[in-house]
Amino acid sequence: MERHYFDANATTPPLPQVLEAATRAMREAWGNPTSTHREGQRARHLLEEARRAVAASLAVAPAQLVFCASATEALHLLIRGLRPALGDLPALVFPGEHSACLNPLAEWTGVRWMPADPGGCATVVQMAASNETGILYPMPALPAVRIKDAAQAWGKVPVTLADCDAAVFSGHKIGGPRGAALLWMRPGLPWTALLEGPQERRRRGGTEDQPANLGLAAAVAELPGRLERNAGLAPLRDALEAEVLSWSPDYEVIGRGLPRLPNTSALLLRGHVGESVQIALDLAGFAVSTGSACHSGSTRPSHAVTALGYSEAEARSVLRVSMLPGTAPEAVAALAAALKQVLGR
Ligand code: PLP
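Fair warning: this is a prediction, and the values are worked out from it, not measured in the lab. (Residues numbered from 1 in each chain as written. Predicted model: local features only at pLDDT ≥ 70, side-chain atom pairs only at ≥ 80, totals over all residues. Heavy atoms only, no water.)

### Some remarks on the environment of Glu275
Then, number 1: When you line up the elements, Glu275 lands in helix α9 (residues 274-283).
Then, number 2: Taking relative accessible area as the criterion, Glu275 reaches 39% and is therefore assigned partly exposed.
Then, number 3: Sequence separation of Glu275 and Ser302 is 27 residues, and the distance between their C-alpha atoms is 12 Å. (Helix = DSSP H or I, 4+ residues; strand = E, 2+ residues; numbered from the N terminus. Buried < 20%, exposed > 50% of the residue type's maximum accessible area, 1.4 Å probe, protein only.)

### Side note on the packing of aromatic side chains
Then, number 1: Within the structure shown, the criterion is met by 3 aromatic pairs.
Then, number 2: Centroid distance Phe6 to Phe286: 6.5 Å. Interplanar angle 35°. Geometry classified as tilted. Of this pair, Phe6 sits in the loop between β1 (4-5) and α1 (16-28) while Phe286 sits in strand β11 (residues 286-287), placing them 280 residues apart in sequence.
Then, number 3: By relative accessible area, Phe6 is classed as buried at 1%.
Then, number 4: For Phe286, a relative accessible area of 6% gives the class buried.
Then, number 5: With 4.2 Å between their ring centres and 45° between their planes, Phe94 and Tyr137 make a pair best called tilted. (Phe/Tyr/Trp six-rings, centres within 6.5 Å; stacked < 30°, edge-to-face > 60°.)

### Re the site of the ligand
Then, number 1: Around the ligand, the structure places Ser70, Ala71, Thr72, His98, Met127, Asn131, Asp149, Ala151, Gln152, Ser170, His172 and Lys173.
Then, number 2: In this structure, an oxygen atom belonging to the ligand sits 2.5 Å away from a side-chain N or O atom of Thr72.
Then, number 3: One of the side-chain nitrogen or oxygen atoms of Ser170 is found 2.7 Å away from an oxygen atom of the ligand.
Then, number 4: When isolated, the ligand has an accessible area of 390 Å², and the protein chains bury 92% of it. (Near = heavy atom within 4 Å. Polar contact = N/O pair within 3.5 Å; in protein donor to acceptor, adjacent residues only side chain to side chain. Areas by Shrake-Rupley, 256 points an atom, 1.4 Å probe, with all protein chains shown as cover.)

### Re helix α3 (residues 71-86)
Then, number 1: Its 16 residues give α3 an end-to-end C-alpha distance of 21 Å, which sits within 8% of 22 Å, the value for a rise of 1.5 Å per residue.
Then, number 2: Every buried residue belonging to α3 is among Ala71, Glu73, Ala74, Leu75, Leu77, Leu78, Ile79, Gly81, Leu82 and Leu86, and all of these are buried. (Expected span 1.5 Å × (residues − 1).)

### Section: the sheet that holds strand β2 (residues 65-68)
Then, number 1: Spatial strand order, β2-β8-β7-β6-β5-β3-β4: 7 strands in an open sheet with mixed pairing. Edge positions in the sheet fall to β2 and β4 (111-113), since each has one partner strand and no second. The sheet shows a mean angle of 20° between the axes of neighbouring strands, taken without regard to direction.
Then, number 2: Bridge count between β2 and strand β8 (residues 181-185): 4 bridges; the pairing is antiparallel. Counterpart to Val66 in the pairing with β8 is Leu183.
Then, number 3: α3 rests against β2, β6 (145-149), β7 (166-170) and β8 of the sheet, and its axis sits at about 160° to β7. (Pairing = 2+ DSSP bridges. Axes fitted to C-alpha atoms, helices over the stretch in contact; angles between N-to-C directions. Contact = heavy atoms within 4.5 Å.)

Fair warning: the whole summary comes from geometry, so function is off the table for now.
Structure (structure tokens):
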């Protein structure tokens, strides 16, 4: 059966250029970049070349980037590393943050949920785009350390670092390899390393993952075209949503009319259980999601949806469709037809 993948916010298939770069890294740059011999120095040269290319794309200095294994790890290193200096003061946090952000914040003395009073907050945490709804969020302008989770926005919409002090990025959301992510920090943050070791300028110990990091640089090289192809998805997304909304007045699109990722539709299908709809679509050849993939398997309704004021029952009825760049209109039409049948419309 032909498969159609509509779960790009969970992960994306690695680009051919990424497979090539990662394979080449394993073949030619397997040396330990910390070693001083020729094999090590060759690996070091390619690693720093990759860092420079990624830094140029983000318009930051290469030394400000730390290669990590996931955005989850980067958020843990960042937030837990700020805690000794800032953790006794409140953090202002967007309630729909990913658990990768919320978990390390559990160690902080006080968390205030937006739109709480920001007075006295030492840090502010705001995702650039919601993985579940696609809604885009501006960074609050506050005199605090401003942390941006750009994992979901990267490659789908332009991301600025001018309005924040630290940010994280995930490679596997942009056609890069799994195991590749970035932590960016403005110099001078009151941050201490958790993973001690000489690598990454003593900010993240552990022998660098050459295939992941060189593969990430290859994905980053393709970002301009990816951004363009993602932008081109908005009309397909809008057409799908208009069709679904025409089936029942009980259906809703979360965040419709708000600035959103061009590839994401959070369809609130009152009267249905999102999980059942997702399983039926999977059997029909379509991969979609009921929310963040990290939460599937758990029966809890999505906090990212209830944080917007929806009930738990409504949150359970959400189906998330997230398209890959270059998704064909025919595939979207096929999804709409299958969904219509599953919903009995
Ligand atoms: N932050 C957001 C908004 C995400 O969507 C995700 C992954 O879904 C993460 C962080 C975690 O990224 P990673 O899979 O690289 O750990």
